[in-house]
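Results of the structural survey
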Amino acid sequence: MRRKTKLIHGGITGDEQTGAVSVPIYQVSTYKQDGVGQHKGYEYSRTGNPTRFALEELIKDIEGGHAGFAFASGMAAINSVLMMFKSGDHIIFTDDVYGGTYRLLSKVLNRFNIEVSFVDTSDVQNVKSAIQSNTKAVYVETPTNPLLKITDLQAVSELAQEHNLTFIVDNTFSTPYWQNPIDQGADIVLHSATKYLGGHSDVVAGLVVVNSQQLAEELHFVLNSSGAVLGPQDSWLLMRGIKTLGIRMEEIESNTREFVSFLQEHPEVSNIYYPGLESHGGHDVHAKQARGGGGMISFDVGSSENADKLLRNLRYFTLAESLGAVESLISVPAKMTHASIPKERRAELGITDGLVRVSIGLEDIEDLKEDFAQALRG
Ligand SMILES: *Cc1c(COP(=O)(O)O)cnc(C)c1O
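The name that an unreviewed UniProt entry assigns to the protein is Cystathionine beta-lyase, with the source organism given as Pontibacillus marinus BH030004 = DSM 16465. In its Cofactor (unreviewed entry) section, the UniProt record describing the protein reads: "pyridoxal 5'-phosphate". Per UniProt, the protein has the following entry under Sequence similarities (unreviewed entry): "Belongs to the trans-sulfuration enzymes family."

Here we take up the site of the ligand. Around the ligand sit 14 residues, and of these Met75, Asp170, Ser192, Thr194 and Lys195 come closest. The contact in question runs from an oxygen atom of the ligand to an N or O atom on the side chain of Ser192, over 2.8 Å. Note that an oxygen atom of the ligand is positioned 2.7 Å from one of the side-chain N or O atoms of Lys195. Isolated, the ligand exposes 380 Å² of accessible area, and the fraction of that covered by the protein chains is 92%.

A word on a negative patch on the surface. On the surface, a cluster of negative charge is made up of Glu251, Asp364, Asp367 and Glu370. Relative to the elements of secondary structure, Glu370 occurs in helix H14 (residues 365–377).

With mixed pairing, the five strands of this open sheet are ordered in space as E8-E9-E12-E11-E10. Both outer strands of the open sheet, strand E8 (270–273) and strand E10 (318–319), are each paired with one neighbouring strand and no more. When E8 meets strand E9 (residues 296–300), the two strands line up antiparallel, connected through two bridges. Residue pairing in the sheet places Tyr273 in a bridge with Ser298 of E9.

Moving on to the pairing of E9. With five of its five residues buried, E9 lies for the most part within the structure. Because side chains alternate across E9, one face comprises the buried residues Met296, Ser298 and Asp300, and the other comprises Ile297 and Phe299, equally buried. Relative to strand E12 (residues 355–359), E9 runs antiparallel, the two being bridged by five bridges. Paired with Ser298 across the two strands is Arg357, which belongs to E12.

What follows is about the pairing of strand E1 (residues 67–71). Of all five residues in E1, five are buried, a share of seventy percent or more. Going residue by residue along E1, you find Ala67, Phe69 and Phe71 tucked away on one face and Gly68 and Ala70 tucked away on the opposite face as well. Summarising the sheet, E1 and strand E7 (residues 206–210) pair through five bridges and their orientation is antiparallel. Opposite Ala70, over in E7, you have Leu207 as the bridge partner.

The next thing to look at is the packing of helix H3 (residues 74–82) against helix H4 (residues 99–108). For the pair H3 and H4, interaxial distance at closest approach is 10 Å and the crossing angle is 40°. When the interaxial angle is binned, H3 and H4 end up oblique. Handedness of the H3/H4 crossing: right-handed. Here Met75, Ile78, Asn79 and Leu82 of H3 lie close against H4, whose contacting residues are Gly100, Thr101, Leu104 and Leu105.

Parameters at a glance
- Counting of residues starts from 1 at the beginning of each chain's written sequence and follows it residue by residue.
- Two thresholds apply to this predicted model, a pLDDT of at least 70 for residue-level local features and 80 or more for giving and counting side-chain atom pairs, whereas whole-chain, interface and lining totals are computed over all residues.
- Based on all heavy atoms of the structure, the side-chain values leave hydrogens and waters out of the count.
- UniProt positions are given in the numbering used here, feature names are shortened, and annotations may be inferred rather than shown by experiment.
- Near, as used in this document, describes a residue that has one of its heavy atoms within 4 Å of the molecule or strand being considered.
- Two N or O atoms count as a polar contact when they lie within 3.5 Å, although within protein this holds only if one can serve as hydrogen donor and the other as acceptor, and sequence-adjacent residues are included solely when both atoms are side-chain atoms.
- Only the protein chains shown count as cover for residues, with accessible areas throughout obtained via the Shrake-Rupley method and a probe of 1.4 Å.
- Patches were defined on residues exceeding 30% relative accessible area and lacking a salt bridge, with like-charge contacts within 9 Å and nonpolar side-chain contacts (Val, Leu, Ile, Met, Phe, Trp, Tyr) within 5 Å.
- A carboxyl oxygen of Asp or Glu within 4 Å of a side-chain nitrogen of Lys or Arg is what we treat as a salt bridge.
- Counting rule applied: Lys, Arg positive; Asp, Glu negative; His and chain ends not counted.
- Where a charge lies is defined by one atom per residue type: Lys uses NZ, Arg uses CZ, Asp uses CG and Glu uses CD.
- Per the convention used, a helix needs a DSSP run of H or I reaching at least four residues, while a strand needs a run of E reaching at least two, with both numbered from the N terminus.
- Only strands that DSSP links by at least two bridges are regarded as paired with each other.
- Buried, partly exposed and exposed residues are distinguished by accessible area as a fraction of the type maximum, computed with a 1.4 Å probe on protein chains only: under 20%, between the cut-offs, and over 50%, respectively.
- To obtain each axis, a line is fitted to C-alpha atoms, and for helices this fit is confined to the stretch in contact; angles are then taken between N-to-C directions over 0 to 180 degrees.
- Oblique is the label for any angle not under 35 degrees, not over 145, and not in the 65 to 115 range, which are roughly parallel, roughly antiparallel and roughly perpendicular in turn.
- Note on convention: near helix rotated counterclockwise from far helix by under a right angle means a left-handed crossing. Clockwise means right-handed.
- Should any heavy atoms of two residues lie within 4.5 Å, those residues are counted as being in contact.

What follows is the structure, given as structure tokens:
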């Protein structure tokens, strides 16, 4: 099955009993048993729900893993994956990891003595140097948020295998349409499905795919024990979004490439970060492991004042946290998604006050370009 076909025919399609073409929303908490322990595969919806299961099968198929799991948000997914570790374990993270993940690690999981190191994983030597005797996992984002830095998945996977580390990849930015980390040796792939997978700014969800039966059992144990599961309505909405992921990503890709060319010509714009650009430091590695550059671009408009002017005047770019939607979104990482990261740390990472991040949507590209040009003129 090819990629766009799999988005539509993967997982469990429709309903055998009624012939319904879309998977029904099983709005149910518990299931009748014919005798104690005699049931049709479902007992209680925290443990398992047929609509959620259809979604879990779908994400498993499109990431090419062993089992899928659906959580109430991306952060619930990340937290549940991290709960598979124990006090005293050490995990290596990409240094410009998603702000919420950084907060979870530095303000919540630190209470449970999960030890972490943040390194620039775009150089695999940094990962190697950070390995300690208690290191249990490497957790990577590629491309990263908001500087679109690239990590070589294959290289990290070989290192992880050598040292018996679980290799975890947050694949939110690329989506399974462009990048499948399990094919490159990852053990666990996770998503904020709130972004491209849902795609319509109408659902908050997280998805995880693991590549072995052992990891599947361990993660299901955490899911069932801690209970941050996705409800049936949201599971259904997410399946609906995923059906059009391919066609959305193709269109977003072409819009984004054109918008990048436009930015390159704009005198007030500098430092364009986009992995599809040959001048991007990670371009070659990204091209090796992903089929598209994605729809995220960051660039510098010079100052916080210019960023403010842009935000005041734009008509078609919605000022909002989040990304990956049908509508183009814009954010200023220093004041929004990365505000929870201390200012000194932001400076270290290159997240300046004039840095703007856009998520290109499905509008007519000419409208997006005209809008941007008029907004910067003021
Ligand atoms: C948004 C995001 C998350 C968190 O997901 P939520 O659905 O908001 O909880 C994690 N990782 C990345 C890369 C994200 O963009």
